[in-house]
Amino acid sequence: MTTVDLRSDTVTKPTPAMLEAMWSAKVGDDVFGEDETINQLEQKTAAIFGMEAGLFCPSGTMTNQIAIKCFTQPLDELIADQTAHVYRYEGGGIAFNSGVSTRLLNGYRGIITAEMIEPEINAENIHYPHTSLVVLENTVNKGGGSCYTLNDIKPIAQLCQDKGLKLHLDGARIFNALAHTGDKAIDYGTYFDGISVCLSKGLGAPVGSVLLADKETIKYARRIRKVLGGGMRQAGFLAAAGIYALDHHVGRLKIDHAHARILGEELGKLPWVSNVLPTETNIVLFDTVEPANAVLAKLAEKGIKALDTGKHRIRFVLHLDVHPEQVEYVVEVLKEL
Ligand SMILES: *Cc1c(COP(=O)(O)O)cnc(C)c1O
């Protein structure tokens, strides 16, 4: 039976060409700074985003958590949308790793504005935690792949600068956002103090994320990575997959977006679907009349895997291992469900 795995864009397998690049990587001990492939990946990613330096980490959770540690002190507070991955899906790491509290905002599909942030910045007062960081996510995972444009970000960056706050981007799917908005990656470096980029999501690498910041911050971030047990040795084999992904898998993201749009449009026509969120990038969120788990069971019988993100909500995520004929197959199944 066909299997179409729409659970996440993390389920992709390396392509033969990516494996070839991994096999032939030049490696060394990265804790000694001697893995030239990792050094190349870090520099390449930093250059793409107009940042000074990069740090290769095993996961996006680690790059985010290291950034939060770098940009805060214990007893500080950070501001993020209530859907934020750093808050919801990183195991409570903000409190555990950094001793920091979180002020949550109610954005629209995870998108927050300077007007929403400003009143939540604590005044200097012994009663209040010290607000020191704002975290944005682009695209917003739980928002269904919703995007900030750079024009949305500029007033937030300005506010942070005026108030002396750091600004971090959880860019797990930043290349999906760029493909949708047409903004330039190089301009992002101007507005953020830290950027986390995942290689293991839509870009299709098996492992890894890169944290970007200025040289001083990355120097400290390297210490924090070591403390967390993330000092890897000949991990250039993994970095090579990241370099390959940056060179070959960014341009194709618009294919995933087109596939998501097709599924979103079809779902909108079906009587058993009560609502489809706007499909901007590679994620489709929709609500079902029946409980979501009943729908998922029927899809599973047809070899289609997906996740529920609420009692009546299902998520489809498109990625490079979902081919056009599989999208057609999913459409046929949905129509007959
Ligand atoms: C996947 C993801 C991360 C990082 O996840 P890891 O599995 O730790 O690599 C961070 N932020 C968002 C929005 C994500 O979707």
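Conventions used here
Residues numbered from 1 in each chain as written. Predicted model: local features only at pLDDT ≥ 70, side-chain atom pairs only at ≥ 80, totals over all residues. Heavy atoms only, no water. UniProt positions renumbered as here; feature names shortened; annotations may be inferred. Helix = DSSP H or I, 4+ residues; strand = E, 2+ residues; numbered from the N terminus. Buried < 20%, exposed > 50% of the residue type's maximum accessible area, 1.4 Å probe, protein only. Contact = heavy atoms within 4.5 Å. Arc of directions from axis to C-beta. Core = buried A, V, L, I, M, F, W, Y, C linked by side-chain atoms within 4.5 Å. Salt bridge = Lys/Arg side-chain N within 4 Å of Asp/Glu carboxyl O. Pairing = 2+ DSSP bridges. Domains from an automatic or database assignment. Buried area = accessible area lost by both parts, 1.4 Å probe.

- Under the annotation held in an unreviewed UniProt entry, the protein carries the name L-threonine aldolase and is attributed to Mucilaginibacter pineti.
- The protein has a UniProt comment under Sequence similarities (unreviewed entry) that states "Belongs to the threonine aldolase family."

Remarks on the UniProt feature "modified residue: N6-(pyridoxal phosphate)lysine" (unreviewed entry) in the protein
Okay, step 1: With numbering matched to this structure, UniProt assigns "modified residue: N6-(pyridoxal phosphate)lysine" (unreviewed entry) to Lys201.
Okay, step 2: Mapped onto the fold, Lys201 is located in the loop between strand E7 (194-198) and strand E8 (209-213).
Okay, step 3: The class of Lys201 is buried, set by a relative accessible area of 12%.
Okay, step 4: Beyond its immediate stretch of four places on either side in the chain, Lys201 contacts Asp9, Thr10, Thr12, Ala172 and Arg173.

Focus: helix H13 (residues 292-301)
Okay, step 1: Looking only at H13, the buried set comprises Ala292, Val295, Leu296 and Leu299. Down the axis of H13, the smallest arc covering the buried residues is 100°, so these residues share one side. What points out from H13, more than 90 degrees from its buried face, is the exposed set Asn293 and Glu301.
Okay, step 2: Buried residues in H13 make contact with strand E10 (283-288), strand E11 (304-305), strand E12 (307-310), strand E13 (313-317) and helix H14 (324-336).

Details of the nonpolar core
Inside soluble globular proteins, nonpolar side chains tend to come together where they are buried.
Okay, step 1: Counting residues in hydrophobic clusters, the biggest one holds 52 residues, and the most contacted among them are Phe49, Leu136 and Tyr188.
Okay, step 2: Filtering out sequence-adjacent residues up to four positions away, Leu136 remains in contact with Ile112, Tyr148, Ile153, Ile156, Leu167, His168, Leu169, Asp170 and Phe192.
Okay, step 3: The next biggest cluster of nonpolar side chains, apart from the first, holds 25 residues, and it includes Val295, Leu299, Ala306 and Val327.

Thoughts on the pattern of salt bridges
Okay, step 1: Summed over the entire model, instances satisfying the criterion amount to 14 salt bridges.
Okay, step 2: Here Arg109 and Glu280 are joined by a salt bridge, their closest N and O atoms 3.3 Å apart. Of this pair, Arg109 sits in the loop between strand E4 (101-105) and helix H6 (114-117) while Glu280 sits in the loop between strand E9 (273-276) and E10, and the two are 171 residues apart along the sequence.
Okay, step 3: Classification of Arg109 by relative accessible area gives buried; the value is 12%.
Okay, step 4: For Glu280, a relative accessible area of 19% gives the class buried.
Okay, step 5: In this structure, Lys298 engages Glu290 in a salt bridge whose closest nitrogen and oxygen atoms are separated by 2.9 Å.
Okay, step 6: We classify Lys298 as partly exposed; its relative accessible area is 34%.
Okay, step 7: On the basis of relative accessibility, which here comes to 33%, the residue Glu290 falls in the partly exposed class.
Okay, step 8: One network of salt bridges, in which partners are shared, links Glu77, Arg103 and Glu120.

As for the pairing of strand E5 (residues 130-137)
Okay, step 1: Burial analysis of E5 places seven of its eight residues in the buried class, which makes it a mostly covered element.
Okay, step 2: Note that strand E3 (residues 76-81) and E5 share four bridges and pair parallel. Paired with Asp76 across the bridge in E5 is His130.
Okay, step 3: The sheet contact formed by E5 and strand E6 (residues 166-171) spans five bridges and is parallel. Residue Val134 lies in a different strand from E6, and its bridge partner there is Leu167.

Overview of the side chain of Asp29
Okay, step 1: Along the chain, Asp29 turns up in the loop between helix H1 (16-23) and helix H2 (36-49).
Okay, step 2: Setting aside residues up to four positions removed in sequence, Asp29 forms contacts with Glu34, Asp35, Arg233 and Gln234.

Brief notes about the side chain of His319
Okay, step 1: Positionally, His319 belongs in the loop between E13 and H14.
Okay, step 2: Not counting residues up to four positions away in its chain, the partners in contact with His319 are Asp5, Ser8, Asp9, Val11, Thr12, Arg252 and Asp256.

Describing the domain arrangement of the protein
Okay, step 1: On domain assignment, one finds that the protein holds domain 1 (4-11 + 251-336) and domain 2 (16-248).
Okay, step 2: A separation of 27 Å is found between the C-alpha centroids of domain 1 and domain 2.
Okay, step 3: Each partner contributes to the interface: domain 1 provides 15 residues, whereas domain 2 provides 20 residues.
Okay, step 4: By the criterion of area lost to domain 2, the three top residues of domain 1 are Asp9, Leu253 and Glu280, representing 36% of everything that side buries.
Okay, step 5: At the junction of domain 1 with domain 2, the criterion picks out two salt bridges.
Okay, step 6: Residues Asp9 and Arg173 are paired through a salt bridge, measuring 2.7 Å at the closest nitrogen-oxygen approach.
Okay, step 7: The set of elements that each furnish at least two residues to the side of domain 1 that touches domain 2 consists of helix H12 (253-268) and E10.

Considering unusual backbone geometry
Glycine aside, negative phi is the norm for most residues, and most peptide bonds take the trans geometry.
Okay, step 1: Here Asn138 and Thr139 are connected by a cis peptide whose omega angle stands at 0°.
Okay, step 2: Phi is positive for Leu75, close to 85°, though the residue is something other than glycine.
Okay, step 3: Among the structural elements, Leu75 can be located in the loop between helix H3 (60-71) and E3.
Okay, step 4: You can call Leu75 exposed: its relative accessible area is 69%.

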